[in-house]
Amino acid sequence: MVKLTFYGGVNEIDGNKILLEDKGTKIFLDFGQSFTFGTEFFTSWLQPRGLNGLGDYFEFNLLPKLSGLYSKEMLASTNLTYAEPEIDCVFLSHAHFDHITHIQFLDPEIPVCMGVGTKLFMESMEETGFFADYGQHTCNKFRTGHKIKIGDLTVEPIAVDHSIPAAYGFIIHTSEGNVVYTGDLRRHGPRKDLTENFIQKATEAEPAALICEGTRMAEHETHQNYSEPQVKAISDKTVKATDKAVFTMHASRDIDRFKTFYEVAKNNNRKMVITPKTAYLLTKLLDDEHLPVPDPLKDDCLKVYYKKKKSGRYDEKDYFLWERKFMDKMVDCSYVRKNQRKLIMDLDFFQFGELIDIKPEPGSEFIHSMSEPFSEEDIEDQVMHNWLDHFKLHFHQVHASGHMSKEQLVEMVKEIQPKKAFAVHTENQGLFKTYCFNMQIIEAEKEYPI
Ligand SMILES: [Zn+2]
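Residues numbered from 1 in each chain as written. Predicted model: local features only at pLDDT ≥ 70, side-chain atom pairs only at ≥ 80, totals over all residues. Heavy atoms only, no water.

Enquirer: Just give me the short version of the coordination of the zinc ion, but keep the residues and values in it.
Expert: Distances from the zinc ion to its protein donors, His94 (NE2), His96 (ND1), His162 (NE2) and Asp184 (OD), fall within 2.2 to 2.4 Å. Metal-centred angles of 89 to 172° between the four donor atoms at the zinc ion mark the site as irregular. All donors of the zinc ion come from a single chain, and their spacing in sequence reads H-x1-H-x65-H-x21-D. A residue pair is termed long-range when its members are at least 10 positions apart, and His96 in the loop between β4 (89-91) and α3 (97-100) and His162 in the loop between β8 (153-160) and β9 (167-174) qualify at 66 residues. Neither residue differs from the other here; His96 and His162 are each classed as buried. (Donors = N, O, S within 2.8 Å, 3.2 Å for Na, K, Ca; no water. Tetrahedral: all angles 85-135°; square planar, octahedral: opposite > 155°, others 65-115°. Helix = DSSP H or I, 4+ residues; strand = E, 2+ residues; numbered from the N terminus. Buried < 20%, exposed > 50% of the residue type's maximum accessible area, 1.4 Å probe, protein only.)

Written as structure tokens, this is what we have:
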């Protein structure tokens with residue numbers, strides 16, 4: 001019997017961990033962390049103790065206690081005995097943390113399969129981040145067109161469009177029919193052709209079961225969502241209408257959004273100022289010929305912003321090795337202050353302190369190009385607005401979601417016509433079921449035959 005068990009992503013918009021079993025073969029589809037993971041017991045500086053491996057997580061039942069899944073080291077301080085791997089492989093759909101983070105706990109003997117680009121994103125995060133460590137695994141990289149045989153299963157990854165490049169859906173050929181997993185996807189992005197191709201292949205596979213994401217499945221959508229070309233057009237208009245500075249804030253790995261602002265900068269004869277971290281990620285992605293990005297070391301439009309270090313100077317030795325590479329393209333706060341009318345600058349929340357040195361002219365523009373806060377009590381949002389008010393920056397909300405709308409989700413399920421469908425990555429399974437008669441309501445950690 002082919003079975004599915006959902007260990008994450010059930011009634012929550014994240015944290016996918018889906019176990020698929022066919023006879024003796026077991027694979028996981030994604031192994032991510034939810035946004036609210038552990039927040040009942042941990043907050044700010046009170047966090048699970050790294051030295052205790054999975055001990056602190058198991059104490060509060062935050063991760064499934066499955067045999068043959070975790071590494072010896074992570075189990076050392078728990079009462080779950082280490083066992084040789086019982087999972088044959090873990091497939092990652094894309095490099096968002098709610099799909100990958102918990103692979104850090106896995107037995108290194110379990111191979112992890114991911115897209116070529118996903119591997120580059122993860123390496124970049126590990127090399128430039130303080131907290132990213134995904135552990136040591138045998139990594140098998142795939143692209144669309146590959147067919148990966150794991151025991152009784154064959155897994156076919158197919159690229160889709162999402163708010164991070166190198167995102168994939170999967171068609172899994174099992175002994176009882178095909179299972180399709182969407183990962184996260186959208187139909188209104190710059191590579192919507194990829195999603196259309198995936199939906200077509202998924203339909204042709206006549207799946208016995210579809211595992212579908214449902215992020216935007218909601219009665220009413222409260223936030224304004226644009227397509228990527230609309231984000232570009234609105235931002236372009238905003239830039240054309242001002243002769244002052246323009247600051248932008250967007251998800252750091254949303255390369256489509258970076259490219260949107262990069263093109264807006266070029267159209268308006270401005271330079272684009274990015275962080276060393278973004279510059280590093282771009283140089284990494286240059287290794288994947290399928291992901292065209294500008295080279296920050298060669299591109300005249302790109303400048304790299306360096307924060308002042310304690311010495312008050314910009315000595316190479318004060319910066320991490322990975323940061324030093326872009327110092328020829330370096331700009332500092334006084335450069336930005338003097339040239340602010342000719343720049344578009346990426347400014348994330350944690351860089352706001354730089355505004356004190358940059359001294360933007362009152363009436364400069366600030367384009368917030370990411371999701372709006374989900375709650376009116378969002379502290380970060382309040383703090384952000386206090387800063388914007390203080391510096392008299394004009395706020396604009398312009399964002400294109402990484403996910404399909406409710407209507408598009410329903411249309412996709414109807415198009416693919418699976419015999420059964422399961423909705424993950426959603427808080428609204430029930431609503432999904434009212435539109436799609438073949439939708440099965442799932443509970444976490446229960447087995448479902450396909
Ligand atoms: Zn995602």
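The rest of the description comes next.
Enquirer: Would you mind going over the domain arrangement of the protein chain in detail, with residue names and values included?
Expert: Domain parsing of the protein chain yields domain 1 (2-219 + 402-449) and domain 2 (228-397). Computed from C-alpha coordinates alone, the two centres of domain 1 and domain 2 are separated by 31 Å. In this complex, domain 1 contributes 22 residues to the contact, which on the side of domain 2 involves 17 residues. Taken as a group, Leu120, Thr128 and Arg143 account for 31% of the area that domain 1 buries against domain 2, more than any other trio of residues on that side. Asp288 is the salt-bridge partner of Arg143, the closest N and O atoms lying 2.9 Å from each other. On inspection of domain 1 and its partner domain 2, the count reaches five residue pairs in polar contact (both at pLDDT 80 or more). (Domains from an automatic or database assignment. Contact = heavy atoms within 4.5 Å. Buried area = accessible area lost by both parts, 1.4 Å probe. Salt bridge = Lys/Arg side-chain N within 4 Å of Asp/Glu carboxyl O. Polar contact = N/O pair within 3.5 Å; in protein donor to acceptor, adjacent residues only side chain to side chain.)

Enquirer: Now, about the sheet that holds strand β15 (residues 330-331): what can you tell me, with residues and values included?
Expert: Taking strand neighbours across the sheet as the criterion, the seven strands line up as β15-β14-β13-β16-β12-β17-β18 in an open arrangement whose pairing is parallel. Sheet topology places β15 and β18 (394-397) at the edges, where each strand pairs with a single neighbour. Here three bridges tie strand β12 (residues 246-249) to strand β16 (residues 343-346), and the two strands are oriented parallel to one another. Within the sheet, the bridge partner assigned to Phe247 lies in β16 and is Met345. Packing against the sheet, helix α6 (residues 228-240) makes contact with β12, β16, β17 (365-368) and β18, and its axis sits at approximately 170° to β17. The sheet strands contacting helix α7 (residues 255-267) are β12, β13 (271-274), β14 (302-305), β16 and β17, and the helix crosses β13 at an angle near 145°. (Pairing = 2+ DSSP bridges. Axes fitted to C-alpha atoms, helices over the stretch in contact; angles between N-to-C directions.)

Enquirer: So what's going on with the packing of aromatic side chains? Which residues, and what values?
Expert: Within the structure shown, the criterion is met by 25 aromatic pairs. Ring centres 4.8 Å apart and planes at 85° place the aromatic pair Phe142 and Tyr168 in the edge-to-face group. One end of the pair, Phe142, is in strand β6 (residues 139-142); the other, Tyr168, is in strand β9, and 26 residues separate them in sequence. Counting every residue linked through ring pairs, the aromatic cluster contains Phe349, Phe350, Phe352, Phe366, Trp387, Phe391 and Phe395. (Phe/Tyr/Trp six-rings, centres within 6.5 Å; stacked < 30°, edge-to-face > 60°.)

Enquirer: Explain the packing of helix α4 (residues 116-128) against helix α8 (residues 276-285) residue by residue, including any values.
Expert: Taken N-terminus to C-terminus, the directions of α4 and α8 make an angle of 145°; their axes are 9 Å apart at the nearest point. Once α4 is placed against α8, the crossing between them reads as right-handed. Residue-level contacts link Leu120, Phe121, Glu123, Ser124, Glu127 and Thr128 of α4 to Lys277, Tyr280, Leu281, Lys284 and Leu285 of α8. The residue makeup of the contact of α4 with α8, split by class, is five nonpolar, two polar and four charged. (Left-handed = near helix turned anticlockwise from the far one by under 90°. Nonpolar A, V, L, I, M, F, W, Y, C, P; charged D, E, K, R; others polar.)

Enquirer: Tell me about the pattern of salt bridges, residues and numbers included.
Expert: Under the counting rule described, the total for this entry stands at 26 salt bridges. Across the salt bridge formed by Glu228 and Arg257, the nearest N and O atoms sit 2.8 Å from each other. Here Arg257 lies in helix α7 and Glu228 lies in helix α6, a separation of 29 residues in the sequence. For Arg257, a relative accessible area of 0% translates into the label buried. Note that Lys446 and Glu443 form a salt bridge whose closest N and O atoms lie 3.4 Å from each other. A relative accessible area of 41% means that Lys446 is categorised as partly exposed.

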